[in-house]
Amino acid sequence: MKRFLKNTSLLLVISMLFAFASCKPEETEEPTTTEVTETESTASTTEEATSEAEKDTIIVSLGIEFDFIPYKYKENEKLSGINIDLMNAVADKLGMRVEFKEIAPYSSHYDPQNFDVYINQTNSDTLEVENALFSKIYMTDTQSVIVKATTDYAVYDDFYSEFDAEGYPVGVKAGIKIGVKKSTTGDIFASAPLKEWGFGQENVKEFTTNEKMINALKNEEVTAVIIDDAVARKIIDSVSGLKILESSFYSADYQVAVVSDDSEKQTKILNAINELISDGTAKKIVDKYMEY
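Here we summarise the structure given alongside this text. Within every chain, residues take consecutive numbers counted from 1 along the sequence as written. This being a predicted model, a pLDDT of at least 70 is required before a residue's local features are given, and a value of 80 or more before pairs of side-chain atoms are given or counted; all residues contribute to the totals for chains, interfaces and linings. Remark: hydrogens and water are excluded; side-chain values derive from all non-hydrogen atoms of the structure.

1. A closer look at unusual backbone geometry
The backbone of N131 shows a phi angle near 70°, a positive value even though the residue is not glycine. A run of H or I in DSSP becomes a helix once it reaches four residues, and a run of E becomes a strand once it reaches two; helices and strands are each numbered from the N terminus. With respect to the element layout, N131 can be found in the loop between β5 (117-122) and β6 (133-134). Each residue gets one of three labels from its accessible area relative to the maximum for its type: buried under 20%, exposed over 50%, partly exposed in between, using a 1.4 Å probe on protein chains only. Relative accessible area serves as the criterion here: at 62%, N131 is assigned to the exposed category. Backbone geometry places E220, a non-glycine residue, at a positive phi of 60°. Counting through the fold element by element, E220 comes out in the loop between α6 (210-218) and β12 (224-228). The class of E220 is exposed, set by a relative accessible area of 60%.

Dropping the structure here:
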């Protein structure tokens, strides 16, 4: 009797469990989620890196130094400035990579096989490179004259000793020495003959960096420094005891020189630059850095 009851009880329990299971509400199906394993994630990252590496590269020469605010400079080890942003925009437009190089100017170390673009505050009037294609003008800047704040000079005309009947300078005052960045627009025009409103090469001293040039001015090794107005204003903001003369030395229109020896690539890059100039993108980039 006891054995029968035990078996009966067991059957009753099993029956109740089946009944409970059949009455349980149907659960809502959860959305399927895919867990990315570390291996899959690494593979994805590797694929992206490979894809990026496979992109064609635009090699850009920035001239002889990166420290040239607001055109090109390093901020927290990252390249910034007008030239940097403009060429990054070109690369994005073309789906290409961009690599910036700091190399010597064309006048002494030009090798078109080393890079595709030269952007360094110049234009077709001041840069002579065989087979180069120049973009539209992407900005205009003036060459300003910096002197010590204690000087009596008001305009750069004061550096000349005399003028001819037509008003052109025919002499430079004794002791006048003009500091310029080597191979820049300021160097080209300051070194020009007097009849072209230059000072002659004998009255110009070239420097390789802004720092050396400004230190020479502070130490009175040069009378004045001629440099892009945007750069001049940044210098005045950070270095005491200096001022900018009332008259600008020269107004310059800047273009990008596309020098790639691959004609198809050269045309593609040039067209992209011109499109960014035409649609206002270049102006927005310039305005971002030219506020002072």
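2. Focus on the pattern of salt bridges
The term salt bridge refers to a side-chain nitrogen of Lys or Arg lying within 4 Å of a carboxyl oxygen of Asp or Glu. One pass over the full model with this rule turns up eight salt bridges. Of the charged contacts in the structure, one is a salt bridge between K288 and D85, with a shortest N-O distance of 3.2 Å. Taken as a pair, K288 in helix α9 (residues 281-289) and D85 in helix α3 (residues 82-94) lie far apart in primary sequence, 203 residues in all. Using a relative accessible area of 52% as the deciding quantity, one classes K288 as exposed. With a shortest N-O distance of 2.7 Å, D287 and K283 are connected by a salt bridge. A residue pair is termed a helical-turn pair when its members lie 3 or 4 positions apart in one helix, as D287 and K283 do in helix α9 at four residues. Residue D287 is classed as partly exposed on the basis of its relative accessible area, which comes to 33%. Exposure remark for K283: the relative accessible area of 55% places this residue in the exposed category. Each of D56, D116 and K265 takes part in one network of salt bridges that share partners.

3. Quick word on the pairing of strand β11 (residues 204-207)
Strands are treated as partners if at least two bridges between them are detected by DSSP. Strand direction decides the pairing type here: strand β10 (residues 178-181) and β11, joined by four bridges, are parallel. Within the sheet, the bridge partner assigned to K181 lies in β11 and is F207.

4. Describing the pairing of strand β9 (residues 169-172)
Where strand β8 (residues 160-163) meets β9, three bridges bridge the pair, whose relative direction is antiparallel. Counted as the bridge partner of E162 is G171 from β9. Connecting β8 to the antiparallel partner β9 that follows it, the hairpin turn spans five residues, and G167 within it adopts a positive phi of roughly 90°.

5. Digging into the packing of aromatic side chains
Only rings of Phe, Tyr and Trp enter the pairing, Trp through its six-membered ring, and a pair is recorded when the two centres are within 6.5 Å. The plane angle decides the type: under 30 degrees is stacked, over 60 is edge-to-face, the rest tilted. Evaluation of the coordinates by the stated rule reveals 12 aromatic pairs. Relative to F159, the ring of Y153 lies with its centre 4.9 Å away and its plane at 75°, an arrangement referred to as edge-to-face. Assessed through its relative accessible area of 1%, F159 is described here as buried. One aromatic cluster in this structure is built from Y153, Y156, F159, Y160, F163, Y168, W197, F199 and F249.

6. Section: α6
Every buried residue of α6 is listed here: N210, M213, I214, A216 and L217. Down the axis of α6, the buried set is contained in an arc of 155°. They therefore lie on one face. Any two residues having at least one pair of non-hydrogen atoms within 4.5 Å are treated as being in contact. For α6, the elements touching its buried residues are β7 (139-148), β10, β11, β12, α7 (229-238) and β13 (242-244). A positive phi of about 60° marks E220, the residue just after α6. What the arc covers is the set of directions going from the helix axis to the C-beta atoms.

7. So, the environment of F66
Inspection of the secondary structure puts F66 in the loop between β1 (57-61) and β2 (73-75). With 34 residues separating them along the chain, F66 and F100 place their C-alpha atoms 9.8 Å apart. In this view, F66 contacts K72, Y73, K74, L79, K101 and E102; residues no more than four positions away in its chain are not counted.

8. Quick notes on the packing of α3 against helix α8 (residues 263-278)
It is at 9 Å that the axes of α3 and α8 come closest, and there the two elements cross at 115°. Accordingly, the angle class assigned to the pair α3 and α8 is roughly perpendicular. Two packed elements cross with a definite hand, and for α3 against α8 that hand is right-handed. Contact with α3, carried on its side by L86, A89, V90, K93 and L94, involves K268, I269, A272, I273, E275 and L276 of α8 and no other residues of that element. Think of it as three bins: nonpolar holds Ala, Val, Leu, Ile, Met, Phe, Trp, Tyr, Cys and Pro, charged holds Asp, Glu, Lys and Arg, and polar takes everything else, Gly as well. Its residues placed into classes, the contact of α3 with α8 shows eight nonpolar, no polar and three charged. Interaxial angle, 0 to 180 degrees, is taken between N-to-C directions of lines fitted to C-alpha atoms, where a helix line uses only the stretch in contact. With respect to orientation, any angle under 35 degrees is reported as roughly parallel, any angle over 145 as roughly antiparallel, any angle of 65 to 115 as roughly perpendicular, and every other angle as oblique. Helix crossings are classified by the rotation of the near helix relative to the far one: an anticlockwise turn of less than a right angle makes the crossing left-handed, while a clockwise turn makes it right-handed.

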